[in-house]
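# A look at the structure
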Amino acid sequence: MLPKAYDPKLVEEKLAKLWQDKQVFKSKIDAAKKPYVIVIPPPNITGALHIGHGLNNTLQDVLIRYHRMKGESANWVPGLDHGGIATQNVVEKALAKEQKLTRHDLGREQFVQHVWQWYKECGNTIYNQFEKMGWALDQSNIRFTMDEKRAASVYESFKRLWDKKYIYRGKRLINWCVRCSTALSDAEVEHEQRAGSLWHLRYKGEDGGEGIVIATTRPETIFADVAVAVNPKDERYQNLLGKKVIIPLTNRAIPVIADEAVELGFGTGALKITPAHDAVDYEVGKRHNLEALSVINDKGKMINTPQKYLGMDRDLAKKEVVKDLEESGLLVKTEKYVNAVSTCYRCNSPIEPFLSEQWFVKMDNLAANALKAIEDNRVNFHPERWRTQTTNWLKNIQDWCISRQIWWGHRIPVWYCRHCSQKGLTFIKDKQGNEQLTKVSFEDGAKPIVSQTKPVCPDCGGNDVVQDPDVLDTWFSSALWPFSVFDWPAQTPELKYYYPTSMLVTGYEIIYLWVARMIMMGLEFMDDVPFPDVFLNGIVRDKTGKKMSKSLGNVVDPLDLIKKYGADALRFSLLLQAAPGKDIPYGEDSIVGPRNFCNKIYNAARFIQMNMEGFDKKLDLPKENTELCDKWILSRYNKAIKATAEAIENYNMAAAAETLYHFLWGDFCDWYIELAKPRFNTDGKEHVLAILVQVLYGTLKALHPMMPFITDEIAMSFKKFTSENKEFLIEETYPLTNAAFVDEAALKDMALLQGIITEIRTIRAQFNVPPSLKIKTLLATKDAWEAEVINKHQNYITAMAKVAALTLATEIEKPRQAATAVYGNTTIYIPLEGLIDFDKEKARLNKELATVNNGIANRQKMLGNENFIKNAPAEQIAKAKEELKQMELKAEQIKTSISGLD
RNA sequence: GCCCAGUUGGCGCAGUUGGUAGCGCGUUCCCUUGACAUGGGAAAGGUCACAGGUUCAAGUCCUGUACUGGGCACCA
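Residues numbered from 1 in each chain as written. Chains lettered and ligands numbered in written order. Predicted model: local features only at pLDDT ≥ 70, side-chain atom pairs only at ≥ 80, totals over all residues. Heavy atoms only, no water.

Let us look at the overall build of chain A. In terms of helices and strands, chain A carries 27 helices and 31 strands. On the principal axes, the C-alpha backbone points of chain A span a range of 115 × 65 × 55 Å. Taking all 902 residues of chain A together, 53% fall into the buried category. Of the accessible surface of chain A, which amounts to about 40,500 Å², a share of 50% is contributed by carbon and sulfur atoms. Counting 117 positive and 116 negative side-chain charges, chain A places the centres of these two groups 2 Å from one another. (Helix = DSSP H or I, 4+ residues; strand = E, 2+ residues; numbered from the N terminus. Buried < 20%, exposed > 50% of the residue type's maximum accessible area, 1.4 Å probe, protein only. Areas by Shrake-Rupley, 256 points an atom, 1.4 Å probe, with all protein chains shown as cover. Lys, Arg positive; Asp, Glu negative; His and termini not counted. Charge placed at Lys NZ, Arg CZ, Asp CG, Glu CD.)

So, in structure tokens, the structure goes:
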């Protein structure tokens, strides 16, 4: 005998292994089949996967398994991302904690080796999670953004962009993260409101006059000021234009200039211009041909300042400068102020606008092509609203800063001859005593040689060349992912067959970082969009709607949940909440219902098998069905399957999951199995078993993309009763719906019986009639159809409502001491001698009468409105008339019942 | 400042083309009936944020307001 409760642990472990061993997830090129391809958003190797990955990949898995069962050649391409800065940060942290070492202690080469080691461990953790989640990823064929073939893709794309002059090196004010010590692209910068101060500082006139008062949030940068700007229309300062003022705490004089960028109403109307440390100021500086002075270096330390502040951290310097300003009497006022701070998306520390030479990709042409593709509907977004978000971003795009001053990543494939580029190269000795190229300046004469491997200098023929120290933005390799996974630039059969992919499933938070760039690169290198559809999923938040984060301590670990509830339950809990485009508030209580659902399925299957002892032959679906509930369940089944498939194709996984949940639990278990029980003792046993088996099996198939483990496990034990010859459900065909099985009359008849049964149960509950007590019930109806249906299926009512004796007639005089209910045109009397409480019954009936009267008044009002008669569609009018008739009848019956109580 | 989304029973959410509302959890009551107490049966609970408008009819369409969340923007 099987255990009473379903235990997912053994089943899931067994199947996960079996699926991999038998390579059921392997995709084969098959010219006869339509390819269905999804490339996984490769998780960063920064640690174990979180619940957000759980959602994103489960959605993909549903689509992959569904399309595979639809007969397509489904290929879900697995892979991992090296995750540049994020990974380097994680590894550095671990290194510091475990060995008290910095990356500089190891040196570049050793550090990179160390990260490769980390990749092996972390990668295995992630692969293990892929398996535990039941994702149909072919583990034998995993890509990594840093492996050899992907490196070839990166080089090729760099080279082509370079040859087209799309890649260039330029000196710009870029986003610099002091903590990560690297440049970032605009897309990697986040903005948040932070409380700070606005300091009003007096810059005295060079002539000894009062000068001007400026307002700033960054007093530590005054030493880099090169001007004070005012709006040209500002009448207050006309007399100062062209004059010079002295920077406080120094004796350097700077001019007062006029520029439109200065807003009249803000602060004092005077703005200090610091081109090297502020983006607006940089533009103003360019317009006025001003020098850009730097006073903060790449480590966030002060440089080029008065002696006192040299080497200070920027935050300390701010405090010190404010203090000194106060003492000097030049601090006029300190205002509380909330300003927008740019922060690093990886470490959340404030971004420093920093003037430096970096590598960029020219974006105008790339973006224009992507924009056109999206506007031409060659790429579609689900939900649709992300389309305009993306096109707006593309329209306002800035060139992409692709160089990162970190060690982990694809090294920029550019080399310099130490001889010919001498002046542009800066070397320092690292801790190991090796000379390392740290800075490259094209302005100072460095000459690039683009090459994947160490080249010979084309100018002098020498081979004393060094590679650019920077690595590429991790998103650069990600942007190539939809074709690099098929080994582009090699023209592989896979590339031909699987590109463009069918669908991208990802979170909306990386549309700009990733999705838009894949579209650009796909168009550029493959001359086609990488995918026609983008399915954006929401963020999994905690139960109160907050973003999950380690520091808040509100993260839920998928592995914990799997251990406790099983992977199927975890998957289903996410899918049930995955309404299109919605964030998901997730707590442990989300998974309890799905876990119970697994148990319900398991027990339904167990029950059916208990009644199949002795059977070992195929039980095909009966062609002829005369029994109402058989016709009914087949109708419900076909409708449910159809609705599920439609929901999946509309990316509404919540609707798909809910449909099957209610069909299986409600229709199948609560009604059909219950009605089947008495039939096990009759000649109809084989017939009903066949329907039970076939409907259950079909539902398992439909459910398989969402809950792969339990469905496969149960299906295996039913296989011998079916004509299926495949070992696993994923290899079988998604259940076909057959409209011929949808019998509207059966649905209508069954609804009547269910309604009457529910009314009887309600009365039983109301008067606390114990289930063990079978009661007498009288039904009266003048409706010929109702009478016929009831008469024919009295056994449904007696079984489901625990009725002992059922009397049916066109008219029945209300028995004494009976409770009454009305369903349709049928009046239900239940004699409850000694059990009935007249006041309670009267109150109940009055309440019901009120509801019906309300409905009557409503319909009368509608039908009395001549505009309604004139404008409403005929079917609506007929519906209202019919409802009115029914309700009036019902009201009469209830009134009769009430008067009978007196 | 601009743009987008949301505001539906205690909580979390659905609601397709307009025909007066559903689900899960929770709550209350009854039930260990021979698949399942991770269960069965039943009940209570909502003027669909607010104000206008269109319409015979609005949770559903339009306008405005408020609040919440998100994105974008050079406000020092």
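In this structure, Arg-764 sits in helix H22 (residues 744-766). Glu-759 provides the closest opposite charge to the buried, unpaired Arg-764, separated from it by 13 Å. The contacts of Arg-764, once residues within four sequence positions are left out, are Val-769, Pro-770, Pro-771, Leu-773, Ile-775, Ala-801 and Lys-802. (Salt bridge = Lys/Arg side-chain N within 4 Å of Asp/Glu carboxyl O. Contact = heavy atoms within 4.5 Å.)

Here we come to the protein's contact with RNA strand B. The full set close to RNA strand B counts 50 residues, and Glu-263, Tyr-337, Arg-606, Trp-665 and Asn-858 are the nearest of them. When the atoms of RNA strand B within 4 Å of the protein are sorted by group, sugar and phosphate make up 62%. In this structure, Asn-603 approaches RNA strand B through a side-chain N or O atom, which is 2.7 Å from a sugar or linking oxygen. In the environment of RNA strand B, a phosphate oxygen lies 3.0 Å from a nitrogen or oxygen atom belonging to the side chain of Asn-871. (Near = heavy atom within 4 Å. Polar contact = N/O pair within 3.5 Å; in protein donor to acceptor, adjacent residues only side chain to side chain.)

Attention shifts here to unusual backbone geometry. Residue Pro-383 is reached from His-382 by a cis peptide bond, and omega for that bond is 0°. Secondary-structure assignment places Pro-383 in the loop between strand E15 (380-382) and helix H10 (386-395). Going from Tyr-499 to Pro-500, the amide bond is cis rather than trans, its omega being -5°. Along the chain, Pro-500 falls in the loop between helix H13 (493-498) and strand E24 (504-507). In this structure, Asn-348 is a non-glycine residue whose phi angle is positive, near 65°.

Let us now look at the pairing of strand E8 (residues 212-216). Here E8 lies mainly inside the structure; five of its five residues are buried. Both faces of E8 are covered, namely the face carrying Ile-212, Ile-214 and Thr-216 and the face carrying Val-213 and Ala-215. Alignment of strand E7 (residues 189-205) against E8, held across five bridges, turns out to be antiparallel. Within E8, the residue paired with Trp-199 across the bridge is Thr-216. In this antiparallel pair of consecutive strands, E7 and E8, the connection spans six residues, and Gly-208 shows a positive phi of 90°. (Pairing = 2+ DSSP bridges.)

Attention now moves to the packing of aromatic side chains. Remark: the centre distance and the inter-plane angle together describe each pair of aromatic rings, the angle taken between the planes. Overall, the coordinates contain 38 aromatic pairs when judged by the stated rule. Ring geometry for Tyr-119 against Phe-144: centres 3.8 Å apart, planes inclined by 10°, an arrangement best described as stacked. Highlighted residues: Tyr-119 in helix H5 (residues 108-133) and Phe-144 in strand E4 (residues 143-144), separated in sequence by 25 residues. For the pair Tyr-119 and Phe-144, one class covers both residues: buried. Among the aromatic side chains, those forming a connected cluster through ring pairs are Phe-158, Trp-162, Trp-359, Tyr-416 and Phe-442. (Phe/Tyr/Trp six-rings, centres within 6.5 Å; stacked < 30°, edge-to-face > 60°.)

Looking now at the environment of Val-693. The residue Val-693 is located in helix H20 (residues 685-703) in this model. As for Val-693 and Asp-620, which are separated by 73 residues in sequence, their C-alpha atoms are 8.7 Å apart.

The strand order across the open sheet formed by four strands is E6-E5-E14-E16, and the pairing between neighbours is antiparallel. Among the strands making up the open sheet, the edge pair consists of strand E6 (182-184) and strand E16 (400-401). Where strand E5 (residues 167-177) meets strand E14 (residues 351-361), eleven bridges bridge the pair, whose relative direction is antiparallel. In the strand pairing of E14, Lys-171 is matched with Glu-357.

Looking now at the sheet that holds strand E18 (residues 414-417). Across the sheet, which stays open at both edges, the three strands sit in the order E21-E18-E22 with antiparallel pairing between neighbours. At either margin of the open sheet sits one strand with a lone partner, and together these are strand E21 (449-450) and strand E22 (465-467). Relative to E21, E18 is paired through two bridges, and the arrangement is antiparallel. Within the sheet, the bridge partner assigned to Trp-415 lies in E21 and is Ile-449.

Among the structural elements, His-114 can be located in helix H5. Leave out the neighbours within four places in its chain, and His-114 touches Val-91, Leu-95, Gln-99 and Leu-106.

Let's shift gears to empty space enclosed by the protein. Inspection of every chain in the model, using the stated rule, returns four cavities of 30 Å³ or more. Roughly 60 Å³ of volume is contained in the largest cavity. As for the largest cavity, its lining consists of 13 residues, of which Leu-59, Asn-537, Gly-538, Ala-578 and Ala-579 are closest to the centre. Of all elements in the fold, only helix H2 (51-69) and strand E25 (533-537) reach the threshold of two or more residues within the lining of the largest cavity. Among the elements that make up the lining of the largest cavity, the one with the highest residue count is E25 (three residues). Its residues placed into classes, the lining of the largest cavity shows nine nonpolar, three polar and one charged. (1 Å grid on protein atoms, 1.4 Å probe; cavity = no way out; pocket = protein on both sides within 12 Å on 5 of 7 lines; lining within 4 Å. Points joined across faces, edges and corners; volume = space filled by probe spheres on them. Nonpolar A, V, L, I, M, F, W, Y, C, P; charged D, E, K, R; others polar.)

It is worth spelling out the state of the cysteines at this point. As enumerated under the stated definition, the model contains zero disulfides in all. Left without a disulfide partner, Cys-420 is nearest to the cysteine sulfur of Cys-460, which lies 3.6 Å away. By relative accessible area, Cys-420 is classed as partly exposed at 25%. As a non-bridged cysteine, Cys-669 has Cys-598 as the owner of its nearest cysteine sulfur, 13 Å distant. (Disulfide = S-S within 2.5 Å.)

Right, let's talk about the confidence of the model for chain A for a bit. On average, residues of chain A carry a pLDDT of 91, and 100% of them reach 70 or more. What the predictor reports for the complex is a pTM of 0.93 with an ipTM of 0.96. (pLDDT = per-residue confidence, 0-100.)

As a further point, take the pairing of E7. The side chains of a regular strand alternate between both faces of the sheet. Summarising the sheet, E7 and strand E13 (residues 331-344) pair through 13 bridges and their orientation is antiparallel. Bridged to Gln-193 within E13 is Ala-340.

Each pair of packed helices can be described by the angle between their axes along with the distance between the axes. Relative to each other, helix H1 (residues 8-21) and helix H21 (residues 708-718) sit at 85°, their axes nearing to 10 Å. Here H21 runs roughly perpendicular to H1, going by the angle between their axes. Within the contact between the two elements, H1 uses Val-11, Glu-12, Lys-14, Leu-15, Ala-16 and Trp-19 and H21 uses Pro-708, Phe-709, Asp-712, Glu-713 and Met-716. (Axes fitted to C-alpha atoms, helices over the stretch in contact; angles between N-to-C directions. Parallel < 35°, antiparallel > 145°, perpendicular 65-115°, else oblique.)

The next point concerns helix H18 (residues 628-649). The end-to-end C-alpha distance of H18 is 32 Å, a good match for the 32 Å that 22 residues give at a rise of 1.5 Å each. Positive backbone phi, approximately 60°, marks Tyr-651, located one or two places after H18. (Expected span 1.5 Å × (residues − 1).)

In this section: the packing of helix H9 (residues 364-375) against helix H14 (residues 511-526). As a packed pair, H9 and H14 sit with axes 9 Å apart at the nearest point and diverge in direction by 100°. As far as their axial angle goes, H14 and H9 are roughly perpendicular. From H9, Leu-366, Ala-367, Asn-369, Ala-370, Ala-373 and Ile-374 reach across to H14, where they touch Ile-519, Met-520, Met-521, Leu-523 and Glu-524. Here the residues of the contact of H9 with H14 sort into nine nonpolar, one polar and one charged.

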